[in-house]
Amino acid sequence: MGTFLLHSISLAMLLLIPSCVETEENDKLLGDRARGGIAENQRTDGPQGRLAPDSTIGRVLNHPALAGFGHLTLPWDDRAYDETLPLSAIDSLLPYHTNVDPGVVVSGLNRMIDDVTSGNQVFYNIYDKAQMRARPDKEKTGLFFFRGKPGAPFAIISPGGGFSYVGSVHEGFPYAEEISSKGYNAFVLKYRVGMGGKLATEDLAAAVSYVFRNAESLRVGTENYSLWGSSAGARMAAAIGSHGVAAFGGVSLPRPEVVVMAYTAHSDFSDDEPNTYAVVGERDGIAPPSAMERRVSALRKGGAVVEYHVYNGLGHGFGSGVGTSAEGWIDDAVRFWGTSKK
């Protein structure tokens with residue numbers, strides 16, 4: 001995954017403090033084009049507007065239900081995509097990932113299309129207009145919301161991609177779909193890339209702050225929330241689990257009840273860690289089991305409850321593990337979250 005993924009996240013750098021963002025502003029930020037596209041989708045597309053593995057990248061970019069944010073569902077920022085590429089070949093856009101299942105990818109995208117067609121808002125900006133004007137790179141951030149039961153706790157998922165892209169289609173939307181099917185509320189974070197872990201983790205802190213600030217209108221519970229991450233995203237989740245939201249520019253908030261981390265060599269930890277669920281493939285050459293086991297041991301010594309699994313035959317970036325020895329690990333992690341209390 002490159003040496004840039006192995007750098008530690010520095011706590012000594014100055015951090016930006018996000019200003020208050022209200023959910024009502026997101027409607028305006030999506031713009032008239034997005035709202036008009038949704039209306040068109042409701043009139044004409046219906047079930048026929050759903051994607052299939054032979055649907056193209058261009059269909060995702062131009063789908064009326066995804067208008068205004070479709071480009072943020074895809075891995076790379078500022079990349080000129082081949083719009084004829086079918087979703088069955090989307091693994092070619094995810095060089096740090098394995099076991100990319102087109103059916104799983106399509107299912108997560110279709111869940112969002114269905115939600116928008118039903119009249120639910122899916123995408124939320126985490127920064128306000130002034131913040132995005134001051135830092136245009138913040139326009140490439142946001143949260144995708146997979147609703148569970150009103151008032152249920154929430155999870156925020158940070159996909160991996162070596163801080164060079166965001167693999168939401170493989171490690172974000174599929175996770176959120178499964179988590180929300182259990183009744184929990186799930187968000188997938190699109191964070192800034194190409195600038196290392198510091199800014200990406202600031203985006204996660206801003207996202208947690210946003211959800212807490214808008215919990216009533218989002219209809220989510222803020223107690224016992226969890227942070228999930230894979231590879232680079234797991235570094236982000238673990239860093240906030242260790243040091244808190246405020247340490248990365250967010251507001252002063254409780255730390256997550258549980259951190260769920262998949263295949264990362266992240267080694268930093270504090271004296272008071274959240275309970276942690278960790279998974280890795282036995283053949284992972286980027287985040288080998290030995291590296292994860294050192295962290296697991298340190299967390300257990302500090303009093304955290306840790307559940308740790310190594311899956312046979314798998315390398316790095318296996319996602320939800322459908323069709324492999326890791327299949328079902330998302331459900332198992334949800335079970336851990338639901339029964340974990342420190």
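Data block above holds the structure.
In this report, the structure presented in the accompanying data block is examined. Each chain carries its own residue numbering, running from 1 in the direction its sequence is written. Whole-chain, interface and lining totals are the exception, using all residues; otherwise, since this is a predicted model, local features are given only for residues with pLDDT of at least 70 and side-chain atom pairs are given and counted only at 80 or more. As a rule here, side-chain values come from all non-hydrogen atoms in the structure, and water together with hydrogens is ignored.

1. What to know about the nonpolar core
Then, in step 1: If you look at the biggest cluster of nonpolar residues, it comprises 103 residues, and the most contacted ones within it are Phe144, Ile156, Ile179, Trp228 and Trp329.
Then, in step 2: Contacts were defined at the residue level, with two residues in contact if any of their heavy atoms lie within 4.5 Å. Beyond its immediate chain neighbours, meaning those up to four positions away, Ile179 contacts Ala155, Ile157, Tyr184, Ala186, Trp228, Ile330, Val334 and Trp337. In this text, buried Ala, Val, Leu, Ile, Met, Phe, Trp, Tyr and Cys residues form a nonpolar core when linked through side-chain atoms within 4.5 Å. When accessible area is computed with a 1.4 Å probe and restricted to protein chains, residues below 20% of their type maximum are described as buried, those above 50% as exposed, and intermediate ones as partly exposed.

2. Comments concerning the packing of aromatic side chains
Then, in step 1: Aromatic contacts are taken between Phe, Tyr and Trp rings whose centres are within 6.5 Å, Trp giving its six-membered ring; a plane angle under 30 degrees counts as stacked, one over 60 as edge-to-face, and the others as tilted. Applying the stated rule across the entire model yields 21 aromatic pairs.
Then, in step 2: Between Phe69 and Phe144, the ring centres sit 6.0 Å apart and the planes meet at 65 degrees, which makes this aromatic pair edge-to-face. Of the two residues, Phe69 sits in the loop between α2 (57-62) and α3 (70-73) while Phe144 sits in strand β2 (residues 142-146), which places them 75 residues apart along the sequence. Each of the two residues, Phe69 as well as Phe144, counts as buried.
Then, in step 3: The rings of Tyr124, Phe145, Phe154, Phe187, Tyr210, Phe212 and Tyr225 are connected pair by pair, giving a single aromatic cluster.
Then, in step 4: The ring of Trp76 has Arg79 sitting right over it, with the charged end atom 4.1 Å from the ring centre.
Then, in step 5: As a reminder, the over-ring test applies to NZ of lysine and CZ of arginine, requiring each to be within 6 Å of the ring centre and within 35 degrees of the ring normal. Lys138 extends its terminal NZ or CZ atom over the ring of Tyr127, reaching a point 4.3 Å from the ring centre. Helix and strand assignments follow DSSP, with helices taken as H or I runs no shorter than four residues and strands as E runs no shorter than two, numbered in order from the N terminus.

3. Focus on the pattern of salt bridges
Where side chains of opposite charge bring their charged atoms close, a pairing between them can arise.
Then, in step 1: Counted as salt bridges are all cases of a side-chain nitrogen of Lys or Arg within 4 Å of a carboxyl oxygen of Asp or Glu. Tallying each qualifying case throughout the model produces 12 salt bridges.
Then, in step 2: Among the ionic pairs, Lys190 bridges to Asp77, the shortest N-O distance being 3.1 Å. In this pair, Lys190 is assigned in strand β4 (residues 185-190) and Asp77 in the loop between α3 and α4 (102-117), connecting sequence segments 113 residues apart. Each member of the pair, Lys190 as well as Asp77, carries the same accessibility label: buried.
Then, in step 3: In this structure, Lys182 and Asp331 form a salt bridge, with 3.6 Å as the shortest nitrogen-oxygen distance. In this pair, Lys182 is assigned in the loop between α7 (173-181) and β4 and Asp331 in helix α12 (residues 329-339), connecting sequence segments 149 residues apart.
Then, in step 4: Lys182 sits in the partly exposed class, given a relative accessible area of 43%.
Then, in step 5: Taken together, the shared-partner salt bridges in this structure form one network comprising Arg135, Asp137, Arg192 and Asp203.

4. A word on the packing of α7 against α12
Then, in step 1: Where α7 contacts α12, the two axes come as close as 10 Å, and the packing angle between them is 50 degrees. The pairing of α7 with α12 is recorded here as oblique in orientation. Handedness of the α7/α12 crossing: right-handed. Facing α7, whose interface residues are Tyr175, Glu178 and Ile179, α12 presents Trp329, Ile330, Asp331, Val334 and Trp337. The angle between two axes is taken between their N-to-C directions and runs from 0 to 180 degrees, where each axis is a line fitted to C-alpha atoms and a helix contributes only its stretch in contact. Roughly parallel covers angles under 35 degrees, roughly antiparallel covers those over 145, roughly perpendicular covers 65 to 115, and oblique covers all other angles. Crossings are classed by handedness, with left-handed meaning an anticlockwise turn of the near helix from the far one by less than a right angle and right-handed meaning a clockwise turn.

5. A word on the pairing of strand β3 (residues 153-158)
Then, in step 1: Within β3, 5 of the 6 residues are buried, which leaves it mostly tucked inside the rest of the structure.
Then, in step 2: Strands were regarded as paired on the criterion that DSSP finds at least two bridges between them. As paired strands, β3 and strand β5 (residues 221-230) are joined by 5 bridges and run parallel to one another. Bridge assignment links Pro153 to a residue of β5, and that residue is Gly221.
Then, in step 3: Both β3 and β4 contribute to a ladder of 4 bridges, which runs parallel.

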